[in-house]
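What follows is each chain in one-letter form.
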Amino acid sequence: MPQSEFELIDRYFRRCGAQRADVRVGVGDDAALLECPPGMVLAAAVDTLVEGVHFPRGCRADSIGHRALAVNLSDLAAMGARPAWALLALTLPAAEERWLSEFTAGFAALARVHEVALVGGDTTQGPLTVTVTLMGPVPAGAALLRSGASVGDALFVSGTPGDAAVGLALEQGRLEGLGQAEYLRERFLFPTPRVALGQQLRPYASGCIDVSDGLLADALKLARASGCGLEIDATRLPLSAPLRALGTERARAFALTGGDDYELCFTVPPQQLARLHAQLPPQQWGYTRIGSMRAEPGARVMGEAGELPLPTGGYDHFAQA
Ligand SMILES: [Mg+2]
């Protein structure tokens, strides 16, 4: 890109997000210098969003900025870490001032909410691709891991999974005639990473993962990492009212296999359940028990009348029943 375009980008990114006292050197030198508090370890995550793969072509720029940070905030939330510092690598077809201003508005608004400072970045010319690296401290030995669950632990999910996948389908015109379409679109375009919940869960949860690829697939990753299996009670799945309008069977399939929710799926040992419910009331914190961990590997989904066939990766959400 010509020098003036670099200057343009510099203008948009130099003061983006929160200002933090623990940033000794931020944007503008060869590397950032960051202070990690004593007794803490650093959680670090990176995610790339590619146009046409992770968001539709022509997607609004403020959503791309929001989601690029949200997916990483969700990963840090799943570790119980407090987000602090972000790095942004941006590949752009052209440095359009309007696009950059909307993109940074979406990124910066979410960054300020979670007190994240943008401390460095890189720009290149090419097909639209956004990579964000996010780092943040977590007390040593206290991070939530996928591998910590045990047989008998209760299985929970936050929010109402499935909404984002329906929102994406609406956004792409693959689904029509649904009430509260705007709410569902928003769930895809502006997901809410469960940053506070992740940190609050540290004393209670035995295992945690964020739901990016679909609740069932991600819960299975947690179970495999923990050396156990899981059972989900489909009648307990927290389905939003707009999702329920699709009919119970399709709504459950979306909730189990739809991606892009950025909710937390976590396990809690039976002896911690009373304290969990007392300290983090489920209605206030927005989470629901959906099942349990069991010894037999793999997943089992139970319905009203017994075991249900597992929705597979190839399940067609859009096929009419
Ligand atoms: Mg993740």
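Scroll up to find the structure.
Described in the following lines is the structure provided in the data block. (Residues numbered from 1 in each chain as written. Predicted model: local features only at pLDDT ≥ 70, side-chain atom pairs only at ≥ 80, totals over all residues. Heavy atoms only, no water.)

### Observations concerning the sheet that holds strand 9 (residues 229-233)
Spatial strand order, 8-10-7-11-9-12-13: seven strands in an open sheet with mixed pairing. Each end of this open sheet is capped by a strand with a single partner; those strands are strand 8 (207-211) and strand 13 (306-308). Here the strands of the sheet are splayed against their neighbours by 30° on average, with no regard to which way each runs. Sheet topology places strand 7 (residues 154-158) next to strand 10 (residues 263-268); four bridges connect them, and they run antiparallel. Of the residues in strand 10, the one forming a bridge with Phe156 is Phe266. Contacts from helix 2 (residues 61-78) reach strand 8 and strand 10 within the one sheet, and its direction differs from that of strand 8 by about 170°. Of the strands in this sheet, strand 7, strand 8, strand 9, strand 10, strand 11 (287-294) and strand 12 (299-303) are in contact with helix 7 (residues 215-225), which crosses strand 8 at around 155°. (Pairing = 2+ DSSP bridges. Helix = DSSP H or I, 4+ residues; strand = E, 2+ residues; numbered from the N terminus. Axes fitted to C-alpha atoms, helices over the stretch in contact; angles between N-to-C directions. Contact = heavy atoms within 4.5 Å.)

### Quick word on the nonpolar core
Trp99, Leu100, Phe103 and Val130 are the most contacted members of the largest nonpolar core, which totals 43 residues. When contributions to this core are tallied by element, the ones reaching two or more residues are helix 1 (3-13), strand 3 (40-50), helix 2, strand 4 (85-92), helix 3 (97-113), strand 6 (129-139), helix 4 (163-171) and helix 5 (181-189). A domain split of this core shows at least three residues from each of domain 1 (3-139) and domain 2 (146-308). Residues contacting Val130, with those up to four places away along its chain left out, are Asp47, Thr48, Leu49, Ile64, Ala68, Leu88, Ala89, Leu90 and Phe103. Leu155, Leu170, Leu184 and Ala219 belong to the second-largest nonpolar core, a separate cluster that totals 36 residues. (Core = buried A, V, L, I, M, F, W, Y, C linked by side-chain atoms within 4.5 Å. Buried < 20%, exposed > 50% of the residue type's maximum accessible area, 1.4 Å probe, protein only. Domains from an automatic or database assignment.)

Purely geometric stuff here, so don't read any function into it on its own.
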